[in-house]
Amino acid sequence: KIAAATGFDTRVSVLGHIQRGGSPSAFDRILASSLAERAALALKEGLSNIMFGYKAGLVVAVDLQDAIQYKKTIDPSLFRLASVLA
């Protein structure tokens with residue numbers, strides 16, 4: 001109906017990766033695999049209460065207590081913008 005009424009070609013698009021920002025890049029895949037590997041090795045070693053992140057090109061372990069100690073604030077104008085666009 002849209003094509004007939006407007007003359008524009010239309011097609012169905014299943015939102016998935018498109019909606020979430022596109023297909024993962026090679027960097028995304030390598031980072032996810034590196035973090036997963038470190039998490040699996042930590043579990044195998046019996047470690048707990050840690051998380052892994054990426055800092056200065058390296059996968060690093062962060063103690064969960066240290067991670068939650070620092071709070072980041074949200075810029076109110078960006079929060080407002082996100083609510084407008086949502």
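Cut-off values and rules
Residues numbered from 1 in each chain as written. Predicted model: local features only at pLDDT ≥ 70, side-chain atom pairs only at ≥ 80, totals over all residues. Heavy atoms only, no water. Patch = residues over 30% accessible without salt bridge, like charges linked within 9 Å, V, L, I, M, F, W, Y side chains within 5 Å. Areas by Shrake-Rupley, 256 points an atom, 1.4 Å probe, with all protein chains shown as cover. Salt bridge = Lys/Arg side-chain N within 4 Å of Asp/Glu carboxyl O. Helix = DSSP H or I, 4+ residues; strand = E, 2+ residues; numbered from the N terminus. Buried < 20%, exposed > 50% of the residue type's maximum accessible area, 1.4 Å probe, protein only. Phe/Tyr/Trp six-rings, centres within 6.5 Å; stacked < 30°, edge-to-face > 60°. pLDDT = per-residue confidence, 0-100.

(A) Representation of a nonpolar patch on the surface in the model. There is a patch of nonpolar side chains on the surface, built from Leu78, Leu81, Val84 and Leu85 and spanning about 410 Å² of accessible area. Here Val84 shows up in helix H5 (residues 76–85). The exposure class assigned to Val84 is exposed, which follows from its relative accessible area of 53%.

(B) View of the packing of aromatic side chains. The final tally for this structure, using the stated rule, is 1 aromatic pair. Judged by centre distance (5.7 Å) and plane angle (70°), the ring pair of Phe27 and Tyr54 falls under edge-to-face. Here Phe27 is found in helix H3 (residues 26–44), whereas its partner Tyr54 is found in strand E1 (residues 50–55), with 27 residues between them in sequence. Its relative accessible area of 45% is what places Phe27 among the partly exposed residues.

(C) Here's a closer look at the pattern of salt bridges. By the definition in use, this model includes 1 salt bridge. Residue Arg11 pairs with Asp9 through a salt bridge whose shortest N-O separation is 3.8 Å. Under the relative-accessibility criterion, Asp9 is labelled exposed at 64%.

(D) Fine view of the confidence of the model for the protein chain. Per-residue confidence for the protein chain gives a mean pLDDT of 88; residues scoring 70 or more make up 93%. When mean pLDDT is taken per element in the protein chain, H3 scores highest with 95 and helix H2 (residues 17–20) scores lowest with 65.

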